[in-house]
Amino acid sequence: MRKELFVVCLAAAACTSSPTSSGSTGSGTSGAGTSATTSSTSSASAGSTSITGTSSSSSDSSSASGSTGTSSSSSSSNSSSSSSSSSSSSSSSSSSSSSSGSGSSTAGTFGSTSTSGSSGSSGLAALDSDTIVFNSNRTGNGEIFSARSDGSQLTQITSNPGFNAWWPRLRPDRKALLYYRCPSHFPDGGNAGEDYPSASLWTVNVDGTGATELRPVRQDGWLFQAHAEWSPDGNQLVHCALPTRDAGAPNFFATVLYVTDAQGANPRPIADTGGWNCDPSWSPDGSTVIFNHCDPVTCAANKPAFDIYTVSSDGGPITRLTQNAVPDYDPYYSPDGSTIAWLQESDPSGNAVGSVTLGRWGIYLMAPDGSAQHALIDDGAINSKPGWSVNQSTIFFHRMVPSAANFTFNIFSIQLDGGGLTSLQPGSTASNEYPTNR
């Protein structure tokens, strides 16, 4: 889930102080948290969701608010009030400008926001199959952008001053997308980055209009929410969430997979094992959800216990696909279902920069039954969060080659034979993450 998972503020390059929290802080990195610490200056991981920081609700200024084990069917039913502050944001006409990856962007049309209902995208033109979306902090805060698959024609989609937006996920009709949003700074002034405990889930049309809050902070008693993904037919979402359970400090390694309707409502659990269940995505036919899991006994103390599993989208027994000595995250089926790409922290001791150890991260491929596992790219850098192209010839991802002078991700593409590694925003000094083409 995390910054992709960089759970922390990357060697203090992005944060100035650790966040204050009235509740318990969690560890997390890839896959919504693996083993990174919750301070803003400790080690990070490249993979999924960060669960560090505060759990307070955000206010809005620019837009409204072989099988193993069996998953439990119990769900938390605590409901929280839905925040609904709305204000109109500035409107500008949308035009696409051809620019180099590091150049300035063309703003989209930023319409008024709403707190309920659909984003009204039925009459909009869909993004074509050669367009990607990603998030970047090039404006000073996190916003969502689109570009051609070669990184040109950069266009800004969201405009949320005072907030960070990340994790864009295109709806199957390519007319709207999901994203998470949280205040850009903690109360003490520290950069919040991607703070899942204070994140709400939004949707917006691809031209920037119709921003709509789907799931406010703590709705249904979820202490954090992350890694939302559209079902192939666009009628459902799958989420990773930490539900409110018994009184006392929450167990951040007891996350649950939920399926909701397309508006983020009516959650039902499909994997509630008492351990870690996160980083979900769908099989092309919608029958299966693939995710990462570790059992409740070992996952808090044994990071390599994170492995890739599948479960029926209706819930039921979970089936293991990977079994190795390193942690695995962020699995995604290819569009035809013949291959799975996922993220592996192949060497947790790698990439030590000063007092910070970021790990070595690679993108791997395997068959749907877990066989034929092999590296697509594992070159000593931090390669994170794979995303398939529509024609499944290419993987998009974000990448960092860390050094004392560089703690910044950029977006890349690579061919399935491991060739053609290409930076899509060359020369950019901003952090660019989570590219997706579908």
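Residues numbered from 1 in each chain as written. Predicted model: local features only at pLDDT ≥ 70, side-chain atom pairs only at ≥ 80, totals over all residues. Heavy atoms only, no water.

Student: Hey, could you run me through the state of the cysteines in this one?
Tutor: Cysteine pairs can be covalently joined through their sulfur atoms, and such a bond is termed a disulfide. Counting across every chain of the model gives 1 disulfide. A sulfur-sulfur distance of 2.1 Å marks the disulfide that ties C240 to C278. Residues C240 and C278 are joined through a disulfide that is left-handed, its torsion about the S-S bond being -105°. One end of the pair, C240, is in strand β11 (residues 236-243); the other, C278, is in strand β14 (residues 276-282), with 38 residues separating them in the sequence. On the basis of relative accessibility, which here comes to 0%, the residue C240 falls in the buried class. (Disulfide = S-S within 2.5 Å. Helix = DSSP H or I, 4+ residues; strand = E, 2+ residues; numbered from the N terminus. Buried < 20%, exposed > 50% of the residue type's maximum accessible area, 1.4 Å probe, protein only.)

Student: Looking at this structure, I do not really get the environment of T422. What am I missing?
Tutor: Locating T422 in the fold gives a position in strand β27 (residues 422-423). Classification of T422 as partly exposed rests on a relative accessible area of 36%. Each C-alpha atom of the pair T422 and F396 lies 9.6 Å from the other, and the pair is 26 residues apart in sequence. If we ignore the near neighbours within four places in the chain, the residues touching T422 are I411, F412 and S413. Within the structure, T422 has its side chain in polar contact with the backbone oxygen of G420 (distance 2.9 Å). (Contact = heavy atoms within 4.5 Å. Polar contact = N/O pair within 3.5 Å; in protein donor to acceptor, adjacent residues only side chain to side chain.)

Student: Please clarify how the pairing of strand β13 (residues 268-271) should be interpreted in this entry.
Tutor: On a regular strand, each side chain points to the face opposite its neighbour's, so the side chains alternate between the two faces of the sheet. Of the strand pairs in this sheet, strand β12 (residues 256-261) and β13 are connected by 3 bridges, and their pairing is antiparallel. Bridge pairing links V259 to R268 in β13. Connecting the antiparallel pair β12 and β13 is a turn made up of 6 residues, with G264 showing a positive phi of about 80°. (Pairing = 2+ DSSP bridges.)

Student: Any chance you could explain the sheet that holds strand β10 (residues 222-230) here in plain terms?
Tutor: Sheet strands associate in pairs through backbone hydrogen bonding, adopting either a parallel or an antiparallel arrangement. Read from one edge to the other, the open sheet built from 4 strands follows the order β10-β11-β12-β13, with strand pairing classed as antiparallel. Each having just a single partner strand, β10 and β13 make up the two edges of the open sheet. Taking the axes of each pair of neighbouring strands and ignoring which way they run, one obtains an average angle of 35° across the sheet. In the sheet, β10 pairs with β11 via 6 bridges, with the strands oriented antiparallel. (Axes fitted to C-alpha atoms, helices over the stretch in contact; angles between N-to-C directions.)

Student: Teacher, can you tell me more about the layout of surface pockets here?
Tutor: It is the rolling of a water-molecule-sized probe over the atoms that shows where space remains empty. Approximately 470 Å³ is the volume attributed to the second largest pocket. Contributing to the lining of the second largest pocket are 22 residues, with L170, P172, W230, P232 and R438 lying nearest its centre. Of all the secondary structure elements, the ones that give two or more residues to the lining of the second largest pocket are β6 (163-170), β10, β14, β18 (328-333) and β24 (382-388). (1 Å grid on protein atoms, 1.4 Å probe; cavity = no way out; pocket = protein on both sides within 12 Å on 5 of 7 lines; lining within 4 Å. Points joined across faces, edges and corners; volume = space filled by probe spheres on them.)

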